[in-house]
Amino acid sequence: MGLIGTFVGEQRSMRFFLFVFLMAAGMAPFAHGQAVGVCGNGAEPELIARLLENKAALAAQGPSFIQNREIKYVPIRFILVAKADGSGRAAITKIFDQVCGLNEDFADQNIQFFLKDAGYVLLDNDQVYEKNYLTTILMRRNKDANAINVYVVGDASPREKNPDEEGVTLGYFNPVEDWLVIRKEELNGISTTLSHELGHFFSLAHTHSGWDATPWDASVYEGKPVPKTSPGGIPTEKMDRSNCDGSGDFLCDTPPDYNFGFAWGTCNFTANALDPDGVRVDPQETNIMGYFLRCEANTYQFTQEQKALMATDLASNRRRAIRQVDPGNVGDIGQPVLLSPAKDEVTPFYNEVTFSWQPVPNATFYLLEIDRVPSFSISPFQYIVTDTTYTTNELVGNRRYYWRIRPMNGANVCNSLNTGSIVFRTGGTTSTEWMDQVQSWSVFPNPSQGYDQINIRLQLLSDLEVGVQVADLTGRQLKWIPMRRYPAGNHIVEVSVADLPSGVYLISLVDPARQIETRRLVVTR
């Protein structure tokens, strides 16, 4: 699995959360001309109905209902979407940083997210990438009913955008289809965009519910009481909380918020905003379900009532499927011992280099990284491997490389790569001398463009006995076309991909001595 990208190892020194502000430092609040990132959710009837349903269930069960202190492991998977040609996809390694950030945000609720199965699938489709709201059927095919599904796309807009609409949608939760969509730039360990959208997944509304589409405007309301009914038709919440159960976000430990954070450039709201009774409003700028920016590190939070509501949703029948998934091995992970290539070793070949390491206790998969520099910062090859060996044919001959391993399991993906790296040099010869008999070979169509069959075009200089293998990116064989002897000349070998989901695969020619020549195949639906 060749990936592009590196780990974001830094801590969350600043929560950029739901905003992409292109402003100079010190720009005045509500300045014009800035690009504002927003959530694509409003006060959808389905979401509000679930919120009220969970409130009623919580009230019926009492406080003891949410006081279980056992860690609740919640399965999550990411659908990394690229354009049809495979370009534009978020780096797979960003998933690990994102899960680390989520688990930090939900740690005080004893909720820990873990990567179900491999944790991700690849999908190459222009419409899903750019206009996901038009491709519900295709997205359903890639949904796992036993996990939280997060589509990572180029454009996260939930609908056709009005030319006059302000802001860039960074993410949203679809309460009908029960999946989340975020922009690829928000997949990282710093942004809390996904934590915000998971709040919606677990039935939370915005703290400014009712003011989503029409934020409080100082030019209209400064020093004046706001209407008793919000622009969205929901009663406006008052500072004395006298109507908190039936207004705003329907919770009483979140103070009123009339979408003050939209385009407010600091974490301190100082405008003279008045509630319907003329009382000055003091919002909670650090609430994850609001829109404020630039608060201190690790200050963004859910309130106790928000936590209770999310716990209630997780315990509901609606969430039974994700509660029943076994997280597998979640124990602490040891450090890897790298075996081969050894330090300063020169490999026999450059197009067939095998890496190996000792099994690491509690690890269920590994990230193998290979790069030309020890910082792994230029253009590293990155592979997700479930075994303790991996063979690649992507390296160049007579070059110095560095390699390292990061052991992980579904719930422990935050280990730093602190074991150091090993330097080695590739040899200058190829391991498949029999390929001298092949003038050329290619795979078409590639990507498969929705076809159920792809073809291998062989141009042979002499007779050749060869078979065809299709494998996933961990090297696991999925299909095998038995060996046969092909005479010199041109040949077409047909390979069915009808049963392969969208993703990247390895298609190889294999000779009787098990020597392999490999190409990449992209299957798209």
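Quick caveat, the model's predicted, so the values are computed rather than measured.

K.L.:
Explanation requested: the nonpolar core in the structure shown.
P.N.:
Side chains of nonpolar character tend, in soluble globular proteins, to be buried together. Of all hydrophobic cores here, the largest spans 73 residues; its most connected members are F78, F113, I148 and W403. Discounting chain neighbours no more than four positions away, the residues touching I148 are V74, P75, I76, R77, F113, L180, L198, F201, F202 and I322.

K.L.:
Any chance you could explain the packing of helix α2 (residues 93-105) against helix α5 (residues 193-201) here in plain terms?
P.N.:
Axes are the key here: two packed helices are described by the angle between their axes and the distance separating the axes. Following both chains from N to C, one finds α2 and α5 inclined at 60°, their axes separated by 9 Å at the closest point. In this view, α2 runs oblique relative to α5, as classed from their interaxial angle. Once α2 is placed against α5, the crossing between them reads as right-handed. Contacts between α2 and α5 pair Q98, L102 and D105 from the former with L194, S195 and L198 from the latter. For the contact of α2 with α5, the class distribution of residues is three nonpolar, two polar and one charged.

K.L.:
Can you help me understand the side chain of T286 in this one?
P.N.:
Secondary-structure assignment places T286 in the loop between α6 (218-221) and α7 (304-314). Classification of T286 as buried rests on a relative accessible area of 15%. In this view, T286 contacts C267, C295, T299, Y300 and Q301; residues no more than four positions away in its chain are not counted.

K.L.:
Which parts of the structure should I look at to understand the packing of aromatic side chains?
P.N.:
In this description, an aromatic ring pair is defined by two values, namely the gap between the centres and the angle between the planes. Under the counting rule described, the total for this entry stands at 20 aromatic pairs. The interplanar angle of 75° and the centroid separation of 5.5 Å between the aromatic rings of F355 and F424 together place this pair among those described as edge-to-face. Taken as a pair, F355 in strand β8 (residues 353-357) and F424 in strand β13 (residues 422-425) lie far apart in primary sequence, 69 residues in all. Taking relative accessible area as the criterion, F424 reaches 1% and is therefore assigned buried. Taking 4.7 Å as the distance between ring centres and 35° as the angle between the ring planes, the aromatic pair formed by Y383 and Y390 counts as tilted. Its relative accessible area of 6% is what places Y390 among the buried residues. The rings of W211, W216, Y221, Y258, F260, W264, F269 and F292 are connected pair by pair, giving a single aromatic cluster. The cationic tip of R404 hangs over the ring face of F376; the distance from NZ or CZ to the ring centre is 3.9 Å.

K.L.:
How do you make sense of a negative patch on the surface when you look at a structure like this?
P.N.:
A surface patch of like charges, here negative, comprises D85, D126, E130 and D155. Structurally, D126 is set in helix α3 (residues 126-130).

Scoring rules and cut-offs
Residues numbered from 1 in each chain as written. Predicted model: local features only at pLDDT ≥ 70, side-chain atom pairs only at ≥ 80, totals over all residues. Heavy atoms only, no water. Core = buried A, V, L, I, M, F, W, Y, C linked by side-chain atoms within 4.5 Å. Buried < 20%, exposed > 50% of the residue type's maximum accessible area, 1.4 Å probe, protein only. Contact = heavy atoms within 4.5 Å. Axes fitted to C-alpha atoms, helices over the stretch in contact; angles between N-to-C directions. Helix = DSSP H or I, 4+ residues; strand = E, 2+ residues; numbered from the N terminus. Parallel < 35°, antiparallel > 145°, perpendicular 65-115°, else oblique. Left-handed = near helix turned anticlockwise from the far one by under 90°. Nonpolar A, V, L, I, M, F, W, Y, C, P; charged D, E, K, R; others polar. Phe/Tyr/Trp six-rings, centres within 6.5 Å; stacked < 30°, edge-to-face > 60°. Lys NZ or Arg CZ within 6 Å of the ring centre and 35° of its normal. Patch = residues over 30% accessible without salt bridge, like charges linked within 9 Å, V, L, I, M, F, W, Y side chains within 5 Å. Areas by Shrake-Rupley, 256 points an atom, 1.4 Å probe, with all protein chains shown as cover. Salt bridge = Lys/Arg side-chain N within 4 Å of Asp/Glu carboxyl O. Lys, Arg positive; Asp, Glu negative; His and termini not counted. Charge placed at Lys NZ, Arg CZ, Asp CG, Glu CD.

Note that every value here comes from positions in space, so none of it alone points to a role or purpose.
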